[in-house]
Amino acid sequence: MARIADLGPTAHYDTFTRDNLPMAEWQPDFLLEKYAYPEYLNAGVALTDDMVEKGFGDHTALIGNGRQRTYKELADWTNRIANALVEDFGIKPGNRVLIRSANNPAMVACWLAATKAGAVVVNTMPMLRAGELSKIVDKAEINLALCDTRLMDEMALCAKESDFLEKIIGFDGTANHDAELDRAALNKSVKFDAVRTGRDDVALLGFTSGTTGNPKATMHYHRDLLVIADGYAKEVLNVTPDDVFVGSPPLAFTFGLGGLAIFPLRFGATATLLENASPPEMINIIETYHATICFTAPTAYRVMLQAMEKGADLSTLRCAVSAGETLPAAIFDEWVAKTGKPLLDGIGATELLHIFISNRLDDARPGSTGRVVGGYEAKVVDDHMDEVPRGEVGRLAVRGPTGCRYLADDRQAEYVRKGWNLTGDSFTQDEEGNFHFVARSDDMIVSSGYNIAGPDVEQALLLHESVLECAVVGTPDEQRGMIVTAYVVLREGFVADAQMATTLQDHVKATIAPYKYPRAIKFTHELPKTQTGKIQRFKLRENE
């Protein structure tokens, strides 16, 4: 097992990230036996130039904004940008570079180019406002930002107030390539002498999805970016060069960066990128480009199932990955029944970069999160870090080749205990070793002495024909301490009234233990969600 003392060589001229790694005793154990990489490794090169050398030069790498780009075109494009970043804009190895863009090929090219130049990349969502961007800039001490010219306003406001952000370079996120960075790169060489980064050099700072208060930045090495592909993508998804990926999560989140960029590029496959990844748009991509692997949230799969009833053709998909939210058994069963293909539930975390427990293509079960990905270990523990008996609810503890390294953050000591990452999830493990999600640890509702997991109630509600989606939270109550409150979005054609509320309450009582039924039902047109489709229950709790 490796600790901070085992770090390899660095190419970073700017040592900010290595200087701000957590103390050795606060870091998790790293299990690296399964994943051997050379001491010097540049993930940007591994995903582009190396793929050309392996014979994938003419294979389509990226599709987006009306253009298709081969691996050779992607390698040349990223090398031109990398040359511009170094020669014209003075990027030094270890400098942090923020990228602001929606999902498009230009964003991927900028990320890969900055990585080749030895920078530490911070990808951000287009929905963030200046105040949120400022917290990220200040935390990571970012001097340079690359921004889609269509999204400049909030970036400029951020720079105006920032003590760190000195330069914003615009790039054209459309297929026109007519902005400052594009023009600078136009006449550069298609050859670039990539920085000889160490496998243990930080390549990526992933900010956790909560940007209120003091944001947490997770630090990921060049080797980590390849581990998630050589582990989960190879072992679970069995990615081949014939695969075409589609999905909705933003590249700014590690779930999206893995599923829509790293995984396909590592294996010579094709990534399709959508700036507006609504279910209808994803269906269009699946039908047009015969996509084979889809990454999105359970709610989107439910909408896609409804579209199948109206003639949508999803037959080219060989597997679908659900994450961001727990996959309700009702959606799993309906998907398998209508498509005949597996719908894989899994759990990952920004702190561990991607999915570390997952169902398998030949062993996907409703209500189960599956088994650990190769190289990882997991157990269900109590507050003293002792493993609880099988079947009992406890806290999920994980360790493996990736793990939590917060940038200069005392909260590291809360996430890592005794070498294990504590994800903040409540789980059980059955006798066969499969893990079962119970709730986020803060989603447990204690009512009249009973422990009630919100997802249990949600799954029961979703079995009713009228319910499109729902979220369950606890509401303070003088008599019971808390009561179960359900926010419900009804399908078209059903009436949100008192009779429907009673119908749903009776349905839950008949489906699961009656004490779990929602004593309050609130009908709504939509639920608050993150960009990855994760329901923001904390906003509903704040309402209560």
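All residue numbers refer to position in the chain's written sequence, counted from 1. At least 70 in pLDDT is required for a residue's local features to be given in this predicted model, at least 80 for side-chain atom pairs to be given and counted, and no such filter applies to totals for whole chains, interfaces and linings, which use all residues. Side-chain metrics in this entry use all non-hydrogen atoms of the structure; hydrogen atoms and water are not considered.

Caption draft 1: Summary view of the pattern of salt bridges. In what follows, salt bridge is the name for a side-chain nitrogen of Lys or Arg lying within 4 Å of a carboxyl oxygen of Asp or Glu. Here the structure, examined in full by the defined rule, presents 29 salt bridges. The salt bridge partner of D29 is R399, with a shortest N-O separation of 3.0 Å. Here R399 lies in strand β17 (residues 394–399) and D29 lies in the loop between α1 (16–19) and α2 (43–46), a separation of 370 residues in the sequence. Of the two residues, D29 and R399, both sit in the buried class. Note that R537 is salt-bridged to E458, the shortest N-O span being 3.0 Å. Placement of R537 in helix α17 (residues 537–543) and of E458 in helix α15 (residues 454–462) is noted, with a sequence separation of 79 residues between them. A single burial state applies to R537 and to E458, both of which are buried. Residues joined in a network through salt bridges with shared partners are D200, R223, D224 and R405. Here a helix means four or more residues in a row that DSSP labels H or I, a strand means two or more in a row labelled E, and each is numbered from the N terminus. Exposure is judged per residue with a 1.4 Å probe applied to protein chains only, and the accessible area is read against the type maximum: over 50% gives exposed, under 20% gives buried, and values in between give partly exposed.

Caption draft 2: Seen up close, the packing of helix α4 (residues 71–87) against helix α5 (residues 105–116). Axis definition: a line fit to C-alpha positions, over the contact stretch in the case of helices; interaxial angles, taken between N-to-C directions, run 0 to 180 degrees. Put simply, α4 and α5 touch, their axes get as near as 8 Å, and they point 60° apart. Between α4 and α5, the interaxial angle falls into the category oblique. Relative to α5, α4 is oriented so that their crossing is right-handed. Two secondary-structure elements touch here, α4 through L74, A75, W77, T78, N79, I81, A82 and L85 and α5 through P105, A106, A109, C110, L112, A113, A114 and K116. A per-class count over the contact of α4 with α5 returns 13 nonpolar, two polar and one charged. To sort the angles, those under 35 degrees are grouped as roughly parallel, those over 145 as roughly antiparallel, those from 65 to 115 as roughly perpendicular, and the leftovers as oblique. By convention, the crossing between two helices is left-handed when the near helix turns anticlockwise from the far helix through less than a right angle, and right-handed when the turn is clockwise. Two residues form a contact once any of their heavy atoms are found within 4.5 Å. Throughout this entry, Asp, Glu, Lys and Arg are counted as charged residues, while Ala, Val, Leu, Ile, Met, Phe, Trp, Tyr, Cys and Pro are counted as nonpolar. The remaining residues, Gly among them, count as polar.

Caption draft 3: Region of interest: the sheet that holds strand β23 (residues 467–477). With mixed pairing, the three strands of this open sheet are ordered in space as β23-β24-β25. Strand pairing shows two members of the sheet lacking a second neighbour, β23 and β25 (520–523), which therefore form its edges. Sheet twist, expressed as the average angle between the axes of neighbouring strands with direction ignored, equals 25°. Any two strands are treated as partners once DSSP identifies two or more bridges connecting them. Note: strand β24 (residues 481–490) against β25, four bridges, orientation parallel. Bridged to Y487 within β25 is K522. Packing against the sheet, helix α16 (residues 498–511) makes contact with β23, β24 and β25, and its axis sits at approximately 130° to β25.

Caption draft 4: Inspection of the nonpolar core at higher detail. Take the buried Ala, Val, Leu, Ile, Met, Phe, Trp, Tyr and Cys residues and link them wherever side-chain atoms come within 4.5 Å; each set so joined is a nonpolar core. Formed by 92 residues in total, the largest nonpolar core has its most connected members in W111, L237 and F263. Sorting elements by how many residues they give to this core places α5 first, with nine residues. In this structure W111 touches L47, I99, V121, N123, L204, L225, L257, A261 and I262, once residues within four positions along its chain are discounted. With 29 residues, the next largest nonpolar core counts L21, C147, L205 and Y221 among its residues.

Caption draft 5: View of the side chain of D29. Judged by its relative accessible area of 9%, D29 falls in the buried class. Two N or O atoms form a polar contact when they lie within 3.5 Å of each other; inside protein one atom must be a possible hydrogen donor and the other a possible acceptor, and for residues adjacent in sequence the pair counts only when both atoms belong to side chains. Of the polar contacts made by the side chain of D29, one reaches the side chain of R399; its length is 3.0 Å.

Caption draft 6: Representation of the environment of L274. One can find L274 in the loop between β10 (270–272) and α11 (279–289). Its relative accessible area of 11% is what places L274 among the buried residues. Placed 240 residues apart in sequence, L274 and K34 show a C-alpha to C-alpha distance of 34 Å. Discounting residues that sit within four places of it in the chain, L274 has contacts with N103, V246, E281, M282 and I285.

Caption draft 7: Spatial organisation of the pairing of β23. Burial within β23 is extensive, with nine of its eleven residues counted as buried. Hairpin connection, β23 to β24: the antiparallel pair is bridged by three residues.

These results come straight from atomic positions and should not be treated as a statement about function.
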